[in-house]
Amino acid sequence: MDELIGRIVANVGVDRTAAEKAVGIILQFLLKEGPADKVRSLIDKLPSADAAIAAAPPDSGSGGIFGGGVMAAGSRMTSLGLGMGQVQAVTRETISYLREKVGDETLREIASAIPGLGQFV
């Protein structure tokens, strides 16, 4: 995950701690919302992914005023101090990295099962 975190810090301009937590939130979201077998397989291919998930702020599960899904994950990232543009950039950078690691087909299969995620893939 160090490679991804470094890319986010360099390309998005957020600090390392925020980048690590944001990636953890994205991975938590995929685990919660995506097809379990495909997401678990993806995470198993990413060094330190489980540590990133554990380092993310806990998901309250309520989603607050945004409900759940993509909007709730975005809201969690804004609570780290990220602006909406940064949330989108971190998400796109993470998706790009995941595509490199598992391939376009696998990523599309996961994204197609999660409402709202297709806009980032």
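Refer to the structure printed above.
This section reports on the structure supplied with the text. (Residues numbered from 1 in each chain as written. Predicted model: local features only at pLDDT ≥ 70, side-chain atom pairs only at ≥ 80, totals over all residues. Heavy atoms only, no water.)

Within the secondary structure, Gln28 sits in helix α2 (residues 16-33). For Gln28, a relative accessible area of 15% puts it in the buried group. Beyond its immediate stretch of four places on either side in the chain, Gln28 contacts Ile53, Ala56, Pro57, Asp59 and Arg76. (Helix = DSSP H or I, 4+ residues; strand = E, 2+ residues; numbered from the N terminus. Buried < 20%, exposed > 50% of the residue type's maximum accessible area, 1.4 Å probe, protein only. Contact = heavy atoms within 4.5 Å.)

Okay, helix α3 (residues 36-44) next. The set of residues buried in α3 consists of Val39, Leu42 and Ile43. An end-on view of α3 places all buried positions within 95° of arc, on one side of the element. For α3, the exposed residues set more than 90 degrees away from the buried face come down to Asp37 and Asp44. Contacts from the buried residues of α3 go to α2, α4 (49-55), α6 (84-102) and α7 (104-112). (Arc of directions from axis to C-beta.)

Turning to the pattern of salt bridges, a few remarks are in order. Pairing is possible between side chains that carry opposite charge, provided their charged atoms lie close to one another. For the structure shown, the criterion picks out eleven salt bridges. Measuring nitrogen to oxygen at the nearest pair gives 2.9 Å for the salt bridge that ties Asp2 to Arg16. Of this pair, Asp2 sits in helix α1 (residues 2-12) while Arg16 sits in helix α2, and the two are 14 residues apart along the sequence. On the accessibility criterion, Asp2 (58% relative accessible area) is exposed. (Salt bridge = Lys/Arg side-chain N within 4 Å of Asp/Glu carboxyl O.)

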